[in-house]
Amino acid sequence: MNSSRKRLSVITLGCSKNTVDTEHLLAMLPEDAFEITDDVSGHINCLLINTCGFIGDAKEESIQKILDAVARKNDGEIDRIAVFGCLSQRYSSELPSEIPEVDAWFGARDLRPVADWIADEFKVRLNGKNAGQRRFEPASYAYLKVSEGCDRRCSYCAIPHIRGAHRSVPMEDIVSEATELVRKGAREIILIAQDTTYYGLDLYGKRCLAELLQKLSGIDGLEWIRIHYSYPDDFPEDVLEQMADNPKVCKYLDIPLQHISDKVLSNMHRHVDGKWTRELISRMREKVPGVSLRTTMIVGHPGEGETEFNELLEFVKSAGFERLGAFQYSEEEGTWGAEHLIDDVPADVKQSRYEALMELQAEKSLAYNLSRVGDEERVLVDAIGDGYLVCRSQHESPEVDGEIIVPAAEGVKVGDFLNVRITEADYYDLRAEII
């Protein structure tokens, strides 16, 4: 290692969209000037913290990471600290005065000022703004952000206030970046945004996600394309056609539904009702046989009584979601809900409803996994452990879903595909043998 290189460490909090932001920022920095790492031990010349400000728990985690860094700076272990991302965007007027030990604060909408500050502090020349993504190590998959911001105005969500209006990335830029990620080893591209189904409306006057899928599927070496963060309102039906007919598009969809009660959905400003939601799920299963659906629900939203919660439980029972996560409602300042709705569900009730929903989903998840025992599936190798391989099929998304554990085999590398037979199942993970 060049001893003159400065050690720059990064902490990225929150969702995969923040991960992509960090990777884009790091790609602007010259490799010969910095040892860039996600290891925060030892002495650090510059620590970058990419924060999350979505809900209460995430904000608390971000603040704690900043305070921990400040304590280490006071002890001489860190020279400079820069904070960017959603939390510092949201509280740009309060944080600098409350935590003055941080050297620089930046928002979430433009990474260039962060890079410029680093360049000024360390007297280096930056790479171009469209330098792509820098990853800490080669991986079998990569996230690719297709748009920024959101035009939705869900009553509980602060993201439009933080990230601004919806802005699609030009299609040719996405294809170019995906091509480079595949060249660096990615075999799966996961499309992310605040709302992927909105893609293209601002640039092309129509929803273009299906067209984007077609263009991406022409990239040599790209095997899987996965869609995250879809919105149920006006869901583009041609995307389902791509999922059904295009072998590179995973039969998997992440579509946060949030609730099923008409009353709660109305309070949430979701622009759909329970009938629409049920019909959409039925169409998805009919048009894409074997599709795996991941969704997210919010419990304890204002207006959710026992009747509304029981309706949610019955819906989850009947819909058979292969994957489901949940949040407890958190009142967020600046949102329509915080200003117009009363947070009327006690904390202990939110917790008990959350536990009941997740217990139900655990049983559904186990039943789904058990139904796959004996199936033959094509899997992607994500990691190699001591005597075993960590893999996924098209029905598992990384970091949020379970894994398929396979005995190690000679010559297998990260990014390889294997044909396996499922032999065992538990609530979240599967075990398999190579065929």
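Before reading on, note that the structure itself is shown above.
These numbers come from a predicted model, not from an experiment. (Residues numbered from 1 in each chain as written. Predicted model: local features only at pLDDT ≥ 70, side-chain atom pairs only at ≥ 80, totals over all residues. Heavy atoms only, no water.)

1. Topic: the sheet that holds strand β16 (residues 404-407)
So, step 1. One closed barrel holds the five strands; their spatial order is β14-β15-β16-β18-β17, and the pairing between them is mixed. Each strand axis lies, on average, 50° off the axis of its neighbour in the sheet, ignoring direction.
So, step 2. Bridge count for β16 against strand β18 (residues 430-434) is two bridges, and the pairing is parallel. In the strand pairing of β18, I404 is matched with L430. (Pairing = 2+ DSSP bridges. Helix = DSSP H or I, 4+ residues; strand = E, 2+ residues; numbered from the N terminus. Axes fitted to C-alpha atoms, helices over the stretch in contact; angles between N-to-C directions.)

2. Let's talk about the packing of aromatic side chains
So, step 1. Inspection of every chain in the model, using the stated rule, returns five aromatic pairs.
So, step 2. Between the aromatic rings of F34 and F122, the centroid separation amounts to 5.5 Å while the plane-to-plane angle is 85°, which identifies the pairing as edge-to-face. Of the two residues, F34 is situated in strand β2 (residues 34-37) and F122 in helix α5 (residues 112-122); the sequence distance between them amounts to 88 residues. Of the two residues, F34 and F122, neither departs from the other in class, the shared state being buried.
So, step 3. Measuring from centroid to centroid gives 5.5 Å for F315 and F321, while their planes differ by 70°, and the two rings are edge-to-face. Like F321, F315 is buried. (Phe/Tyr/Trp six-rings, centres within 6.5 Å; stacked < 30°, edge-to-face > 60°. Buried < 20%, exposed > 50% of the residue type's maximum accessible area, 1.4 Å probe, protein only.)

3. Some thoughts on the environment of R109
So, step 1. Residue placement: R109 occurs in the loop between β5 (104-105) and α5.
So, step 2. Taking the C-alpha atoms as reference points, R109 and G149, 40 residues apart in sequence, are found 8.6 Å from one another.
So, step 3. Excluding anything up to four places from it in sequence, R109 contacts Q89, P160, H161, I162, R163 and G164.
So, step 4. Separated by 2.8 Å, the side chain of R109 and the backbone oxygen of H161 make a polar contact. (Contact = heavy atoms within 4.5 Å. Polar contact = N/O pair within 3.5 Å; in protein donor to acceptor, adjacent residues only side chain to side chain.)

4. A word on the packing of helix α7 (residues 171-183) against helix α9 (residues 209-216)
So, step 1. Close contact between α7 and α9 brings their axes to 10 Å; oriented N to C, the two are set at 35°. At the point where α7 passes α9, the crossing takes the right-handed sense. In contact with M171, I174, V175 and A178 of α7, α9 contributes E211, L212, K215 and L216.
So, step 2. Partitioning the contact of α7 with α9 into residue classes produces six nonpolar, no polar and two charged. (Left-handed = near helix turned anticlockwise from the far one by under 90°. Nonpolar A, V, L, I, M, F, W, Y, C, P; charged D, E, K, R; others polar.)

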